[in-house]
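# Fold and contact review
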Amino acid sequence: QSSALFHNTLEVWLLEYRFTAVGADHDGVIFRLNRGGETMMLSLYIDDSMCVSSSWALYDQFLQDLSKRFKLSYQGRLAWYLGVAINYDKEAGIVTMSQEKYVEKLLEWFNMHGCKLETTQF
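Treat the numbers as computed from the prediction; the structure is a model and nothing was measured.

### Structural notes on the sheet that holds strand β6 (residues 84-89)
One open sheet holds the three strands; their spatial order is β5-β6-β7, and the pairing between them is antiparallel. Looking along the sheet, the strands with just one partner apiece sit at the ends: β5 (80-81) and β7 (94-98). Across two bridges, the pairing between β5 and β6 is antiparallel. Looking across to β6, one finds that Trp80 is bridged to Ala85.

### Side note on the packing of aromatic side chains
Taken as a whole and assessed by the stated rule, the structure comprises nine aromatic pairs. On the basis of an interplanar angle of 20 degrees and a centroid distance of 4.8 Å, the ring pair of Trp13 and Tyr17 is categorised as stacked. The residues Trp13 and Tyr17 share a single accessibility class, namely buried. Plain terms: the ring middles of Tyr17 and Phe19 are 6.1 Å apart, the flat faces sit at 25 degrees to each other, and that makes the pair stacked. Across this residue pair, the class does not change: Tyr17 and Phe19 are buried. Directly above the aromatic system of Phe70 lies the positively charged group of Arg69, at a separation of 4.8 Å from the ring centroid.

### Quick word on the pattern of salt bridges
Pairing between side chains of opposite charge can happen when the charged atoms of each approach one another. Applying the stated criterion across every chain yields a total of one salt bridge. Lys68 serves as the salt-bridge partner of Asp65, at 3.7 Å between the closest nitrogen and oxygen. Of this pair, Asp65 and Lys68 both sit in helix α2 (residues 56-69), three residues apart, which is roughly one turn of that helix. Given a relative accessible area of 16%, Asp65 falls into the buried group. For Lys68, a relative accessible area of 69% corresponds to the exposed category.

Procedures and definitions
- Residues numbered from 1 in each chain as written.
- Predicted model: local features only at pLDDT ≥ 70, side-chain atom pairs only at ≥ 80, totals over all residues.
- Heavy atoms only, no water.
- Pairing = 2+ DSSP bridges.
- Helix = DSSP H or I, 4+ residues; strand = E, 2+ residues; numbered from the N terminus.
- Phe/Tyr/Trp six-rings, centres within 6.5 Å; stacked < 30°, edge-to-face > 60°.
- Buried < 20%, exposed > 50% of the residue type's maximum accessible area, 1.4 Å probe, protein only.
- Lys NZ or Arg CZ within 6 Å of the ring centre and 35° of its normal.
- Salt bridge = Lys/Arg side-chain N within 4 Å of Asp/Glu carboxyl O.

Shown next as structure tokens:
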């Protein structure tokens, strides 16, 4: 209940801030903000969120404004989001995402963790 209330309250605030909802399903919404030639995207899933921006200045201003309305906790660079591991290679300029842990849990759940791989043709 409280997660849904938070989600709805934040969604109203984001729309007032001039974000536009650009995609949605039953639990999550993607928002986009265009301001001064810069773009910010925000994924909101119940009470989890992830934000990317083309500008540090836009991102910092957004966080300042958001913190005036909501209590924020910065937990460092994003490492997990909705069960997806996120890794950064700053030197190569690469971000990778992996669901390896999720797949391992599925294999354990169905007692297939030690199974041998088999090639199939489609």
